[in-house]
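Structural overview
What follows is the residue order along each chain.
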Amino acid sequence: MPGWLSAGAWGLLAGGALVAGALVGYLVRVPQKVIAGIMAFGSGVLLSAVSFDLIADANERGGLLPTAFGAVAGALAYTLSNVALARRGARHRKRSGLQQAQEADKPGSGTAIALGALLDGVPESIVIGTSLLGGGPVSAATVAAVFVSNVPEGLSSAAGMRRAGRGRAYVFGLWSAIAIASGLAAAAGYAFLGDAPDDLLAAITALAAGAILAMITDTMIPEAFENAQLWTGLIAVLGFLAAFSIAQW
């Protein structure tokens with residue numbers, strides 16, 4: 001199988017967890033505290049992947065300067081994009097309660113939420129593709145971390161979309177499109193960065209890491225803390241250790 005196709009398949013697998021989570025979140029009335037706990041676990045998983053897989057790999061490839069530059073650039077790009085989308089109704093796109101804007105109250109919020117979901121998913125998928133560069137196997141830790149964290153993301157967001165009055169066609173169409181986009185982003189990461197120098201690969205990996213870290217802080221942790229509160233830290237540590245254990249295999 002060509003490398004770009006393999007990368008795309010892994011990205012699609014990880015993105016498919018969003019659809020699985022959305023199915024549960026939309027069709028099953030999961031208690032708010034359970035959703036918050038799952039979101040806290042997913043946050044810990046991604047924090048581990050950012051720390052031990054992405055940032056560590058970027059530093060090994062290119063050193064501290066490209067890593068720091070890429071991480072700050074990724075966080076800045078994500079934050080500015082997130083601010084713009086928040087003003088159009090996408091601020092609470094991962095919230096499971098009544099925080100999500102309704103189209104009647106905030107015209108264009110549905111499009112903003114879709115773009116926000118794409119913004120959240122693409123950086124994760126690109127690093128799945130780049131992890132295959134050099135002919136080695138895919139980073140199991142990265143794929144597992146993205147997959148595990150995508151389930152609560154899709155679950156929480158779909159539950160909020162249902163409460164905001166959005167229909168099944170919109171919800172499942174959105175997450176299916178994001179899953180496909182995840183596969184395409186992973187394939188593109190492999191196809192277009194194969195000849196990139198180590199410094200550039202380090203900066204791009206760190207850029208994705210910075211964007212993911214900003215996303216966790218801005219969209220996942222608030223949902224986890226609102227309903228799990230005193231248990232959030234403990235559950236996040238369990239997720240962190242689960243992903244760290246996978247990385248050590």
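Residues numbered from 1 in each chain as written. Predicted model: local features only at pLDDT ≥ 70, side-chain atom pairs only at ≥ 80, totals over all residues. Heavy atoms only, no water.

Section: the pattern of salt bridges
Stated precisely, the cut-off is as follows: Definition used for salt bridges: Asp or Glu carboxyl oxygen within 4 Å of a side-chain nitrogen of Lys or Arg. Secondary structure follows DSSP: runs of H or I at least 4 residues long count as helices, runs of E at least 2 residues long count as strands, and numbering of each begins at the N terminus. Note on exposure labels: buried denotes an accessible area under 20% of the residue type's maximum, exposed denotes more than 50%, and partly exposed covers the range between, all computed with a 1.4 Å probe on protein chains only.
What the rule picks out here adds up to two salt bridges. Between Asp-57 and Arg-61 there is a salt bridge whose closest N-O contact spans 3.1 Å. Of this pair, Asp-57 and Arg-61 both sit in helix 2 (residues 32–62), four residues apart, which is roughly one turn of the helix. Of the residues examined, Asp-57 reaches a relative accessible area of 28% and is grouped as partly exposed. Its salt-bridge partner being Arg-61, residue Asp-198 comes within 4.0 Å of it at the nearest N-O pair. Of the two residues, Asp-198 is situated in helix 7 (residues 198–228) and Arg-61 in helix 2; the sequence distance between them amounts to 137 residues. Overlapping salt bridges bring together Asp-57, Arg-61 and Asp-198 as one network.

A look at the nonpolar core
For soluble globular proteins, nonpolar side chains are generally found buried alongside one another. Our working definition: As used in this record, nonpolar core signifies buried Ala, Val, Leu, Ile, Met, Phe, Trp, Tyr and Cys residues forming a set joined through side-chain atoms within 4.5 Å.
Formed by 16 residues in total, the largest nonpolar core has its most connected members in Leu-46, Leu-54, Ile-212, Met-215 and Met-220. Only helix 2 and helix 7 provide two or more residues apiece to this core. Per-element accounting of this core gives the leading share, nine residues, to helix 7. If you look at the next biggest cluster of nonpolar residues, it comprises 15 residues, including Leu-18, Leu-85, Ala-117 and Leu-174.

Focus: the environment of Leu-47
In plain terms, the rule: In what follows, a contact means two residues having at least one pair of non-hydrogen atoms within 4.5 Å.
With respect to the helices and strands, Leu-47 occurs in helix 2. Residue Leu-47 is classed as partly exposed on the basis of its relative accessible area of 27%. Those residues within four positions of Leu-47 in sequence are excluded, and the remaining contacts are Leu-213, Ile-216 and Phe-240.

Re the packing of helix 5 (residues 140–163) against helix 6 (residues 168–192)
Operational definition: Orientation is described by axes fitted as lines to C-alpha atoms, over the contacting stretch for helices, and by angles from 0 to 180 degrees between their N-to-C directions. An angle below 35 degrees is read as roughly parallel, one above 145 as roughly antiparallel, one from 65 to 115 as roughly perpendicular, and any other as oblique. Crossing handedness: left-handed means the near helix sits turned counterclockwise from the far one by under a right angle, and right-handed means the same turn made clockwise. Note on residue categories: nonpolar means Ala, Val, Leu, Ile, Met, Phe, Trp, Tyr, Cys or Pro, charged means Asp, Glu, Lys or Arg, and polar means any other residue, Gly included.
The N-to-C vectors of helix 5 and helix 6 enclose an angle of 155°; their axes lie 10 Å apart at closest approach. The orientation of helix 5 with respect to helix 6, classified from their angle, is roughly antiparallel. Classified by chirality, the crossing of helix 6 by helix 5 is right-handed. Residues Gly-154, Ser-157, Ala-158 and Met-161 of helix 5 lie in contact with helix 6, whose contacting residues are Tyr-170, Val-171, Leu-174 and Trp-175. When its residues are assigned to classes, the contact of helix 5 with helix 6 shows six nonpolar, two polar and no charged.

So, a nonpolar patch on the surface
The criterion, for reference: The patch calculation keeps residues exceeding 30% relative accessible area without a salt bridge and links them within 9 Å when they carry like charges or within 5 Å when they are nonpolar (Val, Leu, Ile, Met, Phe, Trp, Tyr). Only the protein chains shown count as cover for residues, with accessible areas throughout obtained via the Shrake-Rupley method and a probe of 1.4 Å.
A cluster of nonpolar side chains, contributed by Trp-10, Leu-13, Phe-147 and Val-148, occupies part of the molecular surface with about 310 Å² of accessible area. Broken down by secondary-structure element, the contributors of at least two residues to the nonpolar patch are helix 1 (3–27) and helix 5. Mapped onto the elements, Trp-10 comes out in helix 1. Residue Trp-10 is classed as partly exposed on the basis of its relative accessible area of 33%.

Details of the environment of Ala-86
Relative to the assigned elements, Ala-86 resides in helix 3 (residues 64–90). Separated by 27 residues in sequence, Ala-86 and Ile-113 place their C-alpha atoms 8.7 Å apart.

Observations regarding the UniProt feature "transmembrane region" (unreviewed entry) in the protein
Selection rule: UniProt positions are given in the numbering used here, feature names are shortened, and annotations may be inferred rather than shown by experiment.
Residues annotated by UniProt as "transmembrane region" (unreviewed entry) correspond here to residues 6–27, 34–52, 64–85, 169–193, 199–216 and 228–247. Helix makes up 100% of residues 64–85 and strand 0%. Its end C-alpha atoms lie 31 Å apart.

Details of the environment of Leu-54
Locating Leu-54 in the fold gives a position in helix 2. Using a relative accessible area of 6% as the deciding quantity, one classes Leu-54 as buried. Taking the C-alpha atoms as reference, Leu-54 lies 10.0 Å from Ala-141; in sequence the two are 87 residues apart.

Examining the packing of aromatic side chains
Cut-off, in case you're wondering: Here a pair means two rings of Phe, Tyr or Trp (six-membered ring of Trp) with centres within 6.5 Å. Their orientation is stacked below 30 degrees between planes, edge-to-face above 60, and tilted elsewhere. Only lysine NZ and arginine CZ atoms are considered, and such an atom sits over a ring when it is within 6 Å of the ring centre and within 35 degrees of the ring normal.
Inspection of every chain in the model, using the stated rule, returns three aromatic pairs. With a centroid separation of 5.5 Å and an interplanar angle of 65°, the aromatic rings of Tyr-26 and Phe-172 are classed as edge-to-face. Taken together, the residues Tyr-26 in helix 1 and Phe-172 in helix 6 connect sequence positions 146 residues apart. According to the relative accessible area criterion, Phe-172 is buried, its value standing at 18%. Between Phe-52 and Phe-244, the aromatic rings sit 4.8 Å apart at their centres with planes inclined by 55°, giving tilted as the arrangement. With a gap of 192 residues between them, Phe-52 in helix 2 and Phe-244 in helix 8 (residues 232–248) connect regions that are remote in the sequence. By relative accessible area, Phe-52 is classed as partly exposed at 41%. Through a chain of ring-to-ring contacts, three or more aromatic side chains come together here, namely Phe-52, Phe-240 and Phe-244. Lying over the aromatic face of Tyr-170, Arg-166 brings its terminal NZ or CZ to 5.6 Å of the ring centre.

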